[in-house]
Amino acid sequence: MAFSPITKSLLFIAILFLVLPLGSRAAHPANTNSVLTYHNGPMLTGQVNLAIMWYGRFARDTKNILRDFIRSLNAPRVGDPSVSEWWKTVERYQSAAHPGARSGPIRVKIAKQKTDKNYSVGKILTEDFIQPLIEQATGGASSFVTVIFAARDVSVVDTCDGRCSKHGVLGAGRASRLYVVVGSPETECPGVCGWPFHKADYGPQTLPLQPPNGNIGADAMVIGLSQALAAVVTNPYNNGFFDGPLTRPLEAVTACPGMFGSGSFPGYTGKVLMSPGTGGCFNAHGVKGRKFLLPAIWSPDTRRCWTLL
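Keep in mind that this is a model prediction, so the values were computed, not measured. (Residues numbered from 1 in each chain as written. Predicted model: local features only at pLDDT ≥ 70, side-chain atom pairs only at ≥ 80, totals over all residues. Heavy atoms only, no water.)

S.K.: Explain the sheet that holds strand β3 (residues 47–55) here, please?
M.R.: Sheet strands pair by backbone hydrogen bonding; their relative direction is either parallel or antiparallel. With mixed pairing, 5 strands are arranged side by side in an open sheet as β4-β3-β6-β9-β8. Whereas interior strands pair on both sides, the edge strands pair on one side only; in this sheet they are β4 (107–116) and β8 (165–170). Here the strands of the sheet are splayed against their neighbours by 20 degrees on average, with no regard to which way each runs. Of the strands in this sheet, β3, β4 and β6 (145–150) touch helix α2 (residues 60–72), which is tilted by about 160 degrees from β4. (Pairing = 2+ DSSP bridges. Helix = DSSP H or I, 4+ residues; strand = E, 2+ residues; numbered from the N terminus. Axes fitted to C-alpha atoms, helices over the stretch in contact; angles between N-to-C directions. Contact = heavy atoms within 4.5 Å.)

Rendered as C-alpha coordinates:
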(Lines give C-alpha, C1' and ligand atoms only; values in the text may rest on other atoms or scores of the structure.)
Protein backbone atom coordinates (compact mmCIF):
# COMPACT_ATOMS: atom_id res chain seq x y z
CA MET A 1 0.00 0.00 0.00
CA ALA A 2 1.36 3.47 -0.92
CA PHE A 3 1.37 6.23 1.67
CA SER A 4 1.54 9.96 1.13
CA PRO A 5 4.53 11.85 2.60
CA ILE A 6 2.31 13.37 5.30
CA THR A 7 0.96 9.94 6.26
CA LYS A 8 4.50 8.57 6.49
CA SER A 9 5.50 11.45 8.75
CA LEU A 10 2.54 10.91 11.07
CA LEU A 11 3.23 7.16 11.21
CA PHE A 12 6.84 7.85 12.15
CA ILE A 13 5.84 10.25 14.92
CA ALA A 14 3.16 7.82 16.09
CA ILE A 15 5.82 5.11 16.51
CA LEU A 16 7.86 7.47 18.68
CA PHE A 17 4.74 8.25 20.65
CA LEU A 18 4.06 4.57 21.27
CA VAL A 19 7.58 3.71 22.44
CA LEU A 20 7.90 6.73 24.74
CA PRO A 21 5.86 6.54 27.97
CA LEU A 22 3.79 9.60 28.67
CA GLY A 23 4.85 9.52 32.29
CA SER A 24 8.59 9.64 31.61
CA ARG A 25 10.34 12.27 33.69
CA ALA A 26 13.92 11.30 32.94
CA ALA A 27 16.32 14.06 32.00
CA HIS A 28 17.92 13.15 28.70
CA PRO A 29 21.13 15.05 28.00
CA ALA A 30 21.89 15.91 24.39
CA ASN A 31 25.37 16.42 22.98
CA THR A 32 26.75 19.95 22.99
CA ASN A 33 30.20 21.48 23.10
CA SER A 34 29.09 24.69 24.77
CA VAL A 35 29.80 25.30 28.45
CA LEU A 36 28.18 28.41 29.89
CA THR A 37 30.30 30.47 32.27
CA TYR A 38 29.02 32.74 35.02
CA HIS A 39 30.46 36.25 34.67
CA ASN A 40 29.47 37.43 38.17
CA GLY A 41 26.65 39.72 37.12
CA PRO A 42 23.14 39.88 38.65
CA MET A 43 20.33 37.59 37.56
CA LEU A 44 16.58 38.01 37.88
CA THR A 45 15.09 36.33 40.95
CA GLY A 46 11.84 36.34 42.89
CA GLN A 47 8.98 37.79 40.89
CA VAL A 48 9.43 38.89 37.29
CA ASN A 49 6.70 41.27 36.15
CA LEU A 50 6.08 41.36 32.43
CA ALA A 51 4.68 44.33 30.53
CA ILE A 52 3.46 42.96 27.21
CA MET A 53 3.31 45.06 24.07
CA TRP A 54 1.21 43.50 21.32
CA TYR A 55 2.68 45.38 18.40
CA GLY A 56 0.33 45.14 15.44
CA ARG A 57 -2.81 43.10 14.93
CA PHE A 58 -3.07 39.65 16.51
CA ALA A 59 -5.74 36.96 16.35
CA ARG A 60 -7.29 36.20 19.73
CA ASP A 61 -6.08 32.59 19.53
CA THR A 62 -2.47 33.71 19.08
CA LYS A 63 -2.64 35.95 22.14
CA ASN A 64 -4.26 33.23 24.23
CA ILE A 65 -1.63 30.63 23.34
CA LEU A 66 1.23 32.95 24.28
CA ARG A 67 -0.43 34.09 27.51
CA ASP A 68 -1.24 30.51 28.50
CA PHE A 69 2.39 29.56 27.99
CA ILE A 70 3.54 32.34 30.33
CA ARG A 71 0.97 31.30 32.93
CA SER A 72 2.18 27.70 32.63
CA LEU A 73 5.71 28.55 33.79
CA ASN A 74 4.72 28.39 37.46
CA ALA A 75 1.68 26.13 37.19
CA PRO A 76 2.07 22.80 39.06
CA ARG A 77 0.20 19.58 38.42
CA VAL A 78 -0.91 20.23 34.86
CA GLY A 79 0.47 17.02 33.36
CA ASP A 80 3.75 15.24 32.92
CA PRO A 81 6.14 16.48 31.63
CA SER A 82 5.24 20.10 32.23
CA VAL A 83 6.27 23.63 31.32
CA SER A 84 6.96 24.33 34.99
CA GLU A 85 9.42 21.41 35.10
CA TRP A 86 11.31 23.02 32.20
CA TRP A 87 11.28 26.39 34.03
CA LYS A 88 12.79 24.82 37.15
CA THR A 89 16.00 24.30 35.19
CA VAL A 90 16.12 28.07 34.67
CA GLU A 91 15.59 28.58 38.40
CA ARG A 92 18.54 26.30 39.22
CA TYR A 93 20.95 28.78 37.65
CA GLN A 94 20.70 30.68 40.95
CA SER A 95 22.47 28.01 42.97
CA ALA A 96 24.96 27.49 40.14
CA ALA A 97 25.91 31.15 40.41
CA HIS A 98 26.13 31.01 44.20
CA PRO A 99 27.09 27.49 45.32
CA GLY A 100 25.44 26.53 48.56
CA ALA A 101 22.57 28.96 48.07
CA ARG A 102 19.04 27.70 47.55
CA SER A 103 17.41 28.21 44.18
CA GLY A 104 14.09 29.86 44.97
CA PRO A 105 11.12 30.02 42.61
CA ILE A 106 11.12 32.65 39.88
CA ARG A 107 7.52 33.65 39.43
CA VAL A 108 6.62 35.19 36.09
CA LYS A 109 3.53 37.37 36.05
CA ILE A 110 1.76 39.26 33.28
CA ALA A 111 1.46 42.59 35.06
CA LYS A 112 0.49 44.89 32.17
CA GLN A 113 -0.66 44.58 28.57
CA LYS A 114 -0.81 47.19 25.82
CA THR A 115 -1.84 46.88 22.17
CA ASP A 116 -0.53 49.08 19.36
CA LYS A 117 -2.75 48.30 16.37
CA ASN A 118 -1.63 51.42 14.50
CA TYR A 119 2.05 50.47 14.16
CA SER A 120 3.20 53.69 15.83
CA VAL A 121 6.87 53.18 14.92
CA GLY A 122 6.28 51.55 11.53
CA LYS A 123 6.40 47.98 10.32
CA ILE A 124 10.16 47.48 10.52
CA LEU A 125 11.42 47.09 14.09
CA THR A 126 15.03 48.08 14.72
CA GLU A 127 16.86 48.81 17.98
CA ASP A 128 16.02 52.51 17.56
CA PHE A 129 12.31 51.80 18.01
CA ILE A 130 12.55 49.64 21.15
CA GLN A 131 12.65 52.58 23.58
CA PRO A 132 9.30 54.16 22.60
CA LEU A 133 7.58 50.78 22.71
CA ILE A 134 8.98 50.13 26.18
CA GLU A 135 7.62 53.50 27.32
CA GLN A 136 4.20 52.66 25.90
CA ALA A 137 4.12 49.25 27.56
CA THR A 138 5.40 50.29 31.00
CA GLY A 139 4.25 53.87 31.32
CA GLY A 140 7.85 54.77 32.15
CA ALA A 141 8.21 52.42 35.13
CA SER A 142 11.47 50.49 35.42
CA SER A 143 10.17 47.53 37.41
CA PHE A 144 9.06 45.51 34.37
CA VAL A 145 10.56 43.30 31.72
CA THR A 146 8.91 44.49 28.52
CA VAL A 147 7.93 41.72 26.10
CA ILE A 148 7.30 42.99 22.58
CA PHE A 149 5.38 40.58 20.36
CA ALA A 150 5.59 41.57 16.69
CA ALA A 151 2.60 40.76 14.47
CA ARG A 152 2.94 38.70 11.31
CA ASP A 153 3.18 41.79 9.08
CA VAL A 154 5.99 43.38 11.13
CA SER A 155 9.61 42.78 10.16
CA VAL A 156 12.07 42.42 13.04
CA VAL A 157 15.67 43.16 12.11
CA ASP A 158 18.00 40.12 12.39
CA THR A 159 15.15 37.58 12.28
CA CYS A 160 16.37 36.07 9.02
CA ASP A 161 19.84 35.83 10.54
CA GLY A 162 18.48 33.23 12.93
CA ARG A 163 17.68 35.58 15.82
CA CYS A 164 14.05 34.59 16.15
CA SER A 165 13.83 36.34 19.50
CA LYS A 166 16.18 38.52 21.47
CA HIS A 167 16.60 40.31 24.76
CA GLY A 168 18.48 43.37 25.84
CA VAL A 169 18.81 46.27 28.22
CA LEU A 170 18.48 50.00 27.63
CA GLY A 171 20.09 52.49 29.99
CA ALA A 172 22.08 51.73 33.11
CA GLY A 173 21.63 51.56 36.85
CA ARG A 174 18.18 52.26 38.27
CA ALA A 175 17.06 53.68 34.94
CA SER A 176 17.81 50.49 33.00
CA ARG A 177 15.00 48.81 31.08
CA LEU A 178 15.03 45.09 30.27
CA TYR A 179 13.20 43.92 27.19
CA VAL A 180 12.42 40.91 25.01
CA VAL A 181 11.39 40.97 21.34
CA VAL A 182 9.68 37.99 19.69
CA GLY A 183 8.95 38.07 15.97
CA SER A 184 6.31 36.10 14.09
CA PRO A 185 7.60 33.50 11.60
CA GLU A 186 4.31 33.18 9.75
CA THR A 187 5.44 35.34 6.84
CA GLU A 188 9.00 36.40 7.64
CA CYS A 189 11.64 33.66 7.33
CA PRO A 190 9.39 30.75 8.36
CA GLY A 191 12.09 28.31 7.23
CA VAL A 192 14.41 29.75 9.88
CA CYS A 193 12.14 30.56 12.81
CA GLY A 194 9.13 28.37 12.01
CA TRP A 195 11.03 25.06 12.14
CA PRO A 196 10.12 22.36 13.15
CA PHE A 197 6.57 23.32 12.15
CA HIS A 198 7.76 24.57 8.75
CA LYS A 199 10.22 23.11 6.26
CA ALA A 200 13.74 24.33 7.02
CA ASP A 201 15.48 26.63 4.55
CA TYR A 202 18.76 24.77 4.87
CA GLY A 203 20.32 21.63 6.32
CA PRO A 204 18.83 18.11 6.38
CA GLN A 205 15.21 18.08 5.26
CA THR A 206 12.45 16.30 7.16
CA LEU A 207 8.70 16.74 7.02
CA PRO A 208 7.42 19.48 9.36
CA LEU A 209 5.71 18.54 12.61
CA GLN A 210 2.13 19.49 13.36
CA PRO A 211 2.03 22.39 15.87
CA PRO A 212 0.60 21.38 19.26
CA ASN A 213 -2.07 24.10 19.33
CA GLY A 214 -2.79 24.11 15.61
CA ASN A 215 -1.27 27.56 15.15
CA ILE A 216 2.14 27.55 13.43
CA GLY A 217 2.83 31.21 14.17
CA ALA A 218 1.93 31.14 17.87
CA ASP A 219 3.48 27.74 18.55
CA ALA A 220 6.75 28.82 16.93
CA MET A 221 6.64 32.10 18.88
CA VAL A 222 6.40 30.07 22.10
CA ILE A 223 9.77 28.53 21.23
CA GLY A 224 11.25 31.99 20.67
CA LEU A 225 9.66 33.34 23.83
CA SER A 226 10.94 30.49 25.98
CA GLN A 227 14.44 31.09 24.62
CA ALA A 228 14.31 34.81 25.39
CA LEU A 229 12.77 34.46 28.86
CA ALA A 230 15.42 31.94 29.92
CA ALA A 231 18.12 34.30 28.66
CA VAL A 232 16.74 37.47 30.24
CA VAL A 233 16.60 35.71 33.63
CA THR A 234 20.05 34.10 33.50
CA ASN A 235 21.89 36.83 31.58
CA PRO A 236 19.84 40.04 31.91
CA TYR A 237 22.69 42.56 31.78
CA ASN A 238 25.07 40.62 29.53
CA ASN A 239 27.28 39.62 32.45
CA GLY A 240 25.48 36.51 33.71
CA PHE A 241 25.64 33.03 32.21
CA PHE A 242 26.85 32.82 28.60
CA ASP A 243 29.55 31.47 26.32
CA GLY A 244 31.24 33.13 23.36
CA PRO A 245 31.46 36.78 22.32
CA LEU A 246 29.24 39.48 23.81
CA THR A 247 28.11 40.44 20.30
CA ARG A 248 26.42 37.06 19.83
CA PRO A 249 26.61 34.98 23.01
CA LEU A 250 25.36 31.46 23.47
CA GLU A 251 22.89 31.47 26.35
CA ALA A 252 20.65 29.03 28.22
CA VAL A 253 18.69 27.85 25.16
CA THR A 254 20.77 29.05 22.19
CA ALA A 255 23.60 26.84 23.48
CA CYS A 256 21.42 23.87 22.46
CA PRO A 257 20.21 24.67 18.92
CA GLY A 258 17.60 22.51 17.22
CA MET A 259 17.16 20.13 20.16
CA PHE A 260 13.73 19.26 21.54
CA GLY A 261 14.10 15.66 22.71
CA SER A 262 16.62 12.91 23.26
CA GLY A 263 18.26 11.51 20.15
CA SER A 264 18.14 14.82 18.28
CA PHE A 265 20.47 15.54 15.41
CA PRO A 266 20.54 18.24 12.68
CA GLY A 267 17.15 18.28 11.00
CA TYR A 268 15.53 15.99 13.59
CA THR A 269 13.98 17.34 16.79
CA GLY A 270 14.49 14.22 18.86
CA LYS A 271 11.71 12.35 20.65
CA VAL A 272 8.41 14.17 21.02
CA LEU A 273 4.88 13.21 21.98
CA MET A 274 1.87 13.38 19.70
CA SER A 275 -1.72 14.22 20.55
CA PRO A 276 -3.84 11.34 19.18
CA GLY A 277 -6.75 13.60 18.27
CA THR A 278 -4.90 16.36 16.43
CA GLY A 279 -1.48 14.99 15.53
CA GLY A 280 0.07 18.00 17.27
CA CYS A 281 3.60 17.35 18.53
CA PHE A 282 4.67 18.49 21.99
CA ASN A 283 6.89 17.77 24.97
CA ALA A 284 5.29 19.84 27.74
CA HIS A 285 1.85 20.25 29.31
CA GLY A 286 0.53 23.65 30.32
CA VAL A 287 -2.55 25.29 31.80
CA LYS A 288 -6.03 24.83 30.34
CA GLY A 289 -5.01 21.57 28.71
CA ARG A 290 -2.49 23.33 26.48
CA LYS A 291 0.50 21.51 25.05
CA PHE A 292 3.76 23.11 23.96
CA LEU A 293 6.98 22.14 22.23
CA LEU A 294 9.89 23.55 24.26
CA PRO A 295 13.56 23.59 23.27
CA ALA A 296 16.42 21.96 25.10
CA ILE A 297 18.10 24.06 27.77
CA TRP A 298 21.66 23.99 29.08
CA SER A 299 21.58 22.49 32.57
CA PRO A 300 23.86 24.06 35.19
CA ASP A 301 23.65 20.78 37.13
CA THR A 302 24.92 18.43 34.42
CA ARG A 303 26.63 21.14 32.34
CA ARG A 304 25.03 19.67 29.25
CA CYS A 305 21.90 20.28 27.21
CA TRP A 306 18.80 18.85 28.81
CA THR A 307 15.40 18.00 27.38
CA LEU A 308 12.08 17.10 28.96
CA LEU A 309 11.89 13.79 27.06
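Following the structure, the description resumes.
S.K.: Can you walk me through the pairing of β8 in this structure?
M.R.: In terms of strand pairing, β8 meets strand β9 (residues 177–182) through 6 bridges, oriented antiparallel. Residue pairing for β9: H167 is matched across the bridge by V180. From the end of β8 to the start of β9, which pair antiparallel, there are 6 residues, and G171 there has a positive phi angle of about 80 degrees.

S.K.: Even after reading the chapter, I still don't get the packing of aromatic side chains, so can you show me in this structure?
M.R.: Within a pair of aromatic rings, the relevant descriptors are the distance that separates the centres and the angle that separates the planes. With the rule as written, the count across this model stands at 10 aromatic pairs. Where Y55 meets Y119, the ring centres are 5.9 Å apart and the plane angle is 85 degrees; that geometry is what we call edge-to-face. Residue Y55 is located in strand β3, and its partner Y119 is located in the loop between β4 and β5 (124–125); the two are separated by 64 residues in the primary sequence. One exposure class covers both Y55 and Y119, and it is buried. Pairwise contacts between aromatic rings join Y38, Y93, F241 and W298 into one cluster. Its guanidinium or amino end placed over the ring of F282, K291 lies 5.5 Å from that ring's centre, counting from NZ or CZ. (Phe/Tyr/Trp six-rings, centres within 6.5 Å; stacked < 30°, edge-to-face > 60°. Buried < 20%, exposed > 50% of the residue type's maximum accessible area, 1.4 Å probe, protein only. Lys NZ or Arg CZ within 6 Å of the ring centre and 35° of its normal.)

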